[in-house]
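Structural characterization, general
Next come the chains, spelled out residue by residue.
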Amino acid sequence: MAKLAKLDDIVSLCRRRGFIFQSSEIYGGLASCYDYGPLGAELKRNVRNAWWKHVVQMRDDVVGLDCSILMHPMVWKASGHADKFADLVTVCKKCNTRTRVDHLQDSREGTAEEHTEHVDIETEAARPHDLAGKVCPACGTVGQFTPPMAFKLMFETQMGANVDDTMTLYLRPETAQGIFANFRNVLDSTRVKVPFGIAQIGKSFRNEVTTKAFIFRTREFEQAELEFFCKPGTDEQWYEHWKQQRFDWYLNLGIKKENLRFRDHDPDELAHYAKACVDVEYKFPFGSGDWQELEGIANRTDYDLRQHQRGIRTMNDWYESKGDLTKISLKAESEDYLKGPLAYFDEEARERYVPYVIEPSAGVDRSTLAFLVDAYDEEEVKGEQRNLLRFSPALAPVKAAVFPLVKKDGMPDIAMNIYNDLKKQFTTFYDEKGAVGRRYRRQDEAGTPYCITVDGQTKKDNTVTVRERDSMEQARVNIDQVKTFLREKLDL
Ligand code: ATP
């Protein structure tokens, strides 16, 4: 019977087996930053690759992009992040803990987290907030909070070495804006036609007020984002299309159906420019109410491209302000905005429009955590506990392990040959140390789907034992057939 994973079990397995470590651990650790160890790096790379395969490789209408993390500051002025990307925070008067207002629980209703988009710094801080019934998550005191204040989420850095010509830049808080900034480049350098998408995977940075639950919410994380450009009027269809595509992606990679759901945003939680937004939620074994966002899918309308057209019009003011974003405001949109640089001309229909955008935005680390939690299992086998990760083959960090039963009778040589052959195709591991049962258990815990053992019979009939992780069933396979057998079983 499968056991529900606890976060502590996952954290300890991740550390013990080299999936994930605390960053800078030798110096006491850096809070909320994590490093992926040998197995974790493979797992995360497989998550990225599975996303890329599904969103880019398998489609005729999506192309990839890989932008720099540092971008021109006007990108963030135009996108709204420079003025609005903040969380509303309050401090508990009893214990001094700072918390996001939208993460406070209400003692009266016992409600779970509210969900809000990031706030407009000025208007939100001025708006009255009723915190009388809210509970401090650190000390449990009710209603003892300071007036909410805005807390900016973008990390700042300086570019250039000289005082006179240094410029304040931001580490990107999302990868999406790099896609909008390259929309015209992609149109002009490829043959794409609307409807089409541009996809990107990369690091993002947010100085989150509070971080939580291992790699669930960190200050440096990786996003996988698609901006899908379509003709206004077709956006609702594309929204439904991507909702389904993304939901199925998680299911096809082994997430249990009962642990996955959609949560539509209420109209009052929607960002002002968004026409619709839904979260794909996973039932994580922590937090209030368990269900937490894995991915957001939004209909962003034509907002971003039109904002960047305003940004381009504002560039003269930017030069005059000597790079001080606080001294400029975005120029109004041109009446001729349909002829602007980021508008689209549909040659067949002889029509101009600014495309609408459907954005599925996933977290690579957050989905890696979901895949780990969902795959984790403990069971009793012959009176002993067996821990295993039931990863889908596409995600398993190691696809096959090869063992000689004992270190004699020429078995290591045969096993080494098989290993050398398989590693050209799959991530393969060779192990000849200790009892074979323990070697199986180590691979179960790493999530390796197949183990191949060279034993006494191998020399007689050229077969090996192939053991399957989940069922522990064993089959004899001819050495010449091992590669084909694995390729079929792993579907790789
Ligand atoms: P939240 O409200 O939880 O702060 P958000 O709604 O602002 O998140 P988005 O901007 O929609 O998040 O980001 C898209 C995806 O990126 C999220 O669904 C999540 O998977 C991932 N993500 C966002 N912030 C973080 C973070 N701090 N750590 C890890 N992953 C993150």
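Heads up: these notes are all about the structure in this document. Just so it is clear, the model here is predicted, and its values are computed rather than measured.

Summed over the entire model, instances satisfying the criterion amount to 43 salt bridges. Between K327 and D324 there is a salt bridge, with the nearest N and O atoms lying 3.6 Å from each other. A relative accessible area of 62% means that K327 is categorised as exposed. Classification of D324 as partly exposed rests on a relative accessible area of 26%. For K483, the salt bridge goes to D421, with nearest N and O atoms at 3.4 Å.

As a matter of local geometry, the ligand sits amid 16 residues, with E208, R217, T218, E293 and L294 nearest to it. In the environment of the ligand, an oxygen atom lies 2.9 Å from a nitrogen or oxygen atom belonging to the side chain of R206. In the model, a nitrogen atom of the ligand is placed 2.7 Å from a nitrogen or oxygen of the T218 main chain. Considering the ligand on its own, with 610 Å² of exposed area, one finds that the protein chains cover 90% of that surface. For the shell around the ligand, the element with the highest residue contribution is strand β15 (residues 291-301), accounting for four residues. Taken together, the residues that form the shell around the ligand break down as three nonpolar, six polar and seven charged.

Running from amino to carboxyl end, helix α2 (residues 38-57) crosses helix α8 (residues 235-252) at an angle of 145°, the nearest separation of the two axes being 11 Å. Considering the relative orientation of α2 and α8, their crossing is right-handed. On α8, the residues touching V47, A50, W51, H54 and V55 of α2 are Q245, R246 and W249. The residue inventory of the contact of α2 with α8, partitioned by class, reads five nonpolar, two polar and one charged.

What follows is about the packing of aromatic side chains. A full pass over the atoms with the stated rule returns 20 aromatic pairs. With a centroid separation of 5.2 Å and 80° between ring planes, the pair formed by F216 and F284 is classed as edge-to-face. Of this pair, F216 sits in the loop between β11 (196-205) and β12 (220-230) while F284 sits in the loop between β14 (276-283) and β15, and the two are 68 residues apart along the sequence. Exposure remark for F216: the relative accessible area of 4% places this residue in the buried category. Classification of F284 as buried rests on a relative accessible area of 1%. Feature note: the residues F180, F183, F196 and F229 constitute an aromatic cluster, connected by ring pairs. Above the face of the Y337 ring, R306 is positioned so that its terminal group lies 4.1 Å from the ring centre. Stacked on the ring of Y440, the Lys or Arg R467 has its end atom at 4.5 Å from the ring centre.

Taken together, seven strands build an open sheet; the order of strands is β3-β11-β12-β18-β15-β14-β13 and the sheet is mixed. Lying at the two open borders of the sheet, with one neighbouring strand each, are β3 (62-65) and β13 (260-264). Pairs of neighbouring strands in the sheet enclose a mean axial angle of 20°, with direction left out of account.

An order of β5-β4-β8 is seen for the three strands of this open sheet, with the pairing classed as antiparallel. With partners counted over all chains shown, the strands left at the sheet margins are β5 (98-100) and β8 (149-152), one partner each. Adjacent strand axes in the sheet meet at a mean angle of 50° when their direction is disregarded. Relative to β8, strand β4 (residues 86-91) is paired through four bridges, and the arrangement is antiparallel.

The next subject is the side chain of N299. Tracing the sequence through the fold places N299 in strand β15. There is a polar contact of 2.9 Å between the side chain of N299 and the side chain of D235. The contact partners of N299, leaving out residues within four places of it in the chain, are D235, Y239, Y273, A274, K275, A276, Y356, V357 and I358.

What follows covers unusual backbone geometry. Put simply, V194 and P195 share a cis peptide bond, and its omega is 5°. Here P195 lies in the loop between α7 (183-189) and β11. Even without glycine at this site, N96 takes up a positive phi of about 70°. Its location among the elements puts N96 in the loop between β4 and β5. Of the residues examined, N96 reaches a relative accessible area of 61% and is grouped as exposed. One non-glycine residue with positive phi stands out, namely F214, at about 60°. Positionally, F214 belongs in the loop between β11 and β12. Overall, F214 belongs to the buried group, its relative accessible area being 10%.

Analysis parameters
- Residues numbered from 1 in each chain as written.
- Predicted model: local features only at pLDDT ≥ 70, side-chain atom pairs only at ≥ 80, totals over all residues.
- Heavy atoms only, no water.
- Salt bridge = Lys/Arg side-chain N within 4 Å of Asp/Glu carboxyl O.
- Buried < 20%, exposed > 50% of the residue type's maximum accessible area, 1.4 Å probe, protein only.
- Near = heavy atom within 4 Å.
- Polar contact = N/O pair within 3.5 Å; in protein donor to acceptor, adjacent residues only side chain to side chain.
- Areas by Shrake-Rupley, 256 points an atom, 1.4 Å probe, with all protein chains shown as cover.
- Helix = DSSP H or I, 4+ residues; strand = E, 2+ residues; numbered from the N terminus.
- Nonpolar A, V, L, I, M, F, W, Y, C, P; charged D, E, K, R; others polar.
- Axes fitted to C-alpha atoms, helices over the stretch in contact; angles between N-to-C directions.
- Left-handed = near helix turned anticlockwise from the far one by under 90°.
- Contact = heavy atoms within 4.5 Å.
- Phe/Tyr/Trp six-rings, centres within 6.5 Å; stacked < 30°, edge-to-face > 60°.
- Lys NZ or Arg CZ within 6 Å of the ring centre and 35° of its normal.
- Pairing = 2+ DSSP bridges.

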